Amino acid sequence: MKIIKAKDYAEMSRKAANIISAQVIMKPDCVLGLATGSSPIGTYKQLIEWYEKGDLDFSAVKSVNLDEYKGLTAEHDQSYAYFMYENLFKHINIDMANTNLPNGMAEDADAECARYNGVIDSLGGIDLQLLGLGHNGHIGFNEPDDTFPTLTHLVTLTQSTINANSRLFASIDEVPGYAFTMGIQTIMQAKKVLMVVSGADKADIVAKAFFGPVTPQVPASVLQLHSDFTLVADEAALSKVVTA
Ligand code: GLP
């Protein structure tokens, strides 16, 4: 595990965007695993800026997103499909046909999970997976559990996640109770994993996940076992751990 300390959110975003840029430059047809939430927004903004300057070309890049709420259409302003389009895809030259998310409106959840696993397999796996970190240690929507879920599955969101994400909805009753998420095995099979974390409210979970035992009760802790995992975090998020 490599920890890169940033001064603040802006510096964290630039450092993470640099790592993603290097991936896209080294392998223009790479498969990027993408994430939603507030944490990666600055990273996406930075990538857009460099794209606009002509430094980056996404025309051959393929993407797979971590997760999607069940029951939200791609047009719903809280769906992750909408988030990705608004915060990244519409600003760069990625081919929308090369972008993939679980279909939140799929009626047969098992079939949708199998389809999504098939998509990831057909792309040959993920070159670089970007992640945020939930307050309870979730990655994607892999919530604390007794075992590490392996492949794409439907999850019941915990109250803590519903509460945290309700800030983005008109009311808490509108937050879906279920979501599709890529599993831990798929994330662990990504060649590189890059996590962005910012803010004092994440300091406890950063200490627990990366300086505590590896346990499915803190899903992100499994990343300690990944051979190429980089955590880019700001000083506030690292305030409960000793770093160089
Ligand atoms: C959501 C997403 C996660 C994200 C997490 C943290 O639940 N499913 O992928 O990492 O929240 O979000 P934020 O970055 O807004 O703190």
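Heads up: the structure comes first, above all this text.
As a starting point, this report considers the structure included with it. Computed from a predicted structure; not experimentally measured.

Helix and strand content of the protein: seven helices and ten strands. For 244 residues, the compact-globule formula gives about 18 Å, and the C-alpha radius of gyration of the protein, at 17 Å, lands near that figure. Within the span of the protein, comprising 244 residues, buried residues form 53% of the whole. Within the protein, residue pairs in contact and separated by at least 24 positions form 78% of the contacts whose partners lie at least 6 positions apart. Carbon together with sulfur atoms contributes 52% to the accessible area of the protein, which is approximately 10,600 Å² in total. Here the protein contributes 18 positive and 29 negative side-chain charges, whose respective centroids are spaced 9 Å apart.

Another aspect to go through is the site of the ligand. In the vicinity of the ligand, 14 residues are found, and the nearest of them are S38, S39, D67, R167 and K202. Within the side chain of S39, one N or O atom sits 2.5 Å away from an oxygen atom of the ligand. Taking G140, its main chain carries an N or O atom lying 3.3 Å from a nitrogen atom of the ligand. Protein contact buries 94% of the 390 Å² of open area that the ligand shows by itself. Taken together, the residues of the shell around the ligand sort by class into three nonpolar, eight polar and three charged.

Moving on, we come to helix α4 (residues 109–122). In a regular helix each residue adds 1.5 Å, so 14 residues correspond to 20 Å; α4 covers 20 Å between its end C-alpha atoms and thus fits that length. What α4 keeps buried is the set A109, E112, C113, Y116, N117, V119 and I120. The buried residues of α4 occupy an angular sector of 155 degrees when the element is viewed end-on, so they sit on one face. Exposed residues pointing more than 90 degrees away from the buried face of α4 are listed as D110, D121 and S122.

Looking now at the side chain of S79. Residue position: S79 is located in the loop between β4 (67–69) and α3 (80–87). Of the polar contacts made by the side chain of S79, one reaches the backbone oxygen of T73; its length is 3.2 Å. Polar side-chain contacts of S79 include one of 3.1 Å to the backbone nitrogen of Y82.

Further remarks concern the packing of aromatic side chains. Tallied over the full model, the rule gives six aromatic pairs. A centroid spacing of 4.9 Å and a plane angle of 45 degrees characterise the contact between Y69 and Y80, whose relative ring orientation is tilted. Taken as a pair, Y69 in strand β4 and Y80 in helix α3 lie far apart in primary sequence, eleven residues in all. The exposure class assigned to Y69 is buried, which follows from its relative accessible area of 1%. Judged by centre distance (5.3 Å) and plane angle (40 degrees), the ring pair of F210 and F229 falls under tilted.

The rules behind the values
Residues numbered from 1 in each chain as written. Predicted model: local features only at pLDDT ≥ 70, side-chain atom pairs only at ≥ 80, totals over all residues. Heavy atoms only, no water. Helix = DSSP H or I, 4+ residues; strand = E, 2+ residues; numbered from the N terminus. Rg over C-alpha atoms; globule rule 2.2 N^0.38 Å. Buried < 20%, exposed > 50% of the residue type's maximum accessible area, 1.4 Å probe, protein only. Contact = heavy atoms within 4.5 Å. Areas by Shrake-Rupley, 256 points an atom, 1.4 Å probe, with all protein chains shown as cover. Lys, Arg positive; Asp, Glu negative; His and termini not counted. Charge placed at Lys NZ, Arg CZ, Asp CG, Glu CD. Near = heavy atom within 4 Å. Polar contact = N/O pair within 3.5 Å; in protein donor to acceptor, adjacent residues only side chain to side chain. Nonpolar A, V, L, I, M, F, W, Y, C, P; charged D, E, K, R; others polar. Expected span 1.5 Å × (residues − 1). Arc of directions from axis to C-beta. Phe/Tyr/Trp six-rings, centres within 6.5 Å; stacked < 30°, edge-to-face > 60°.

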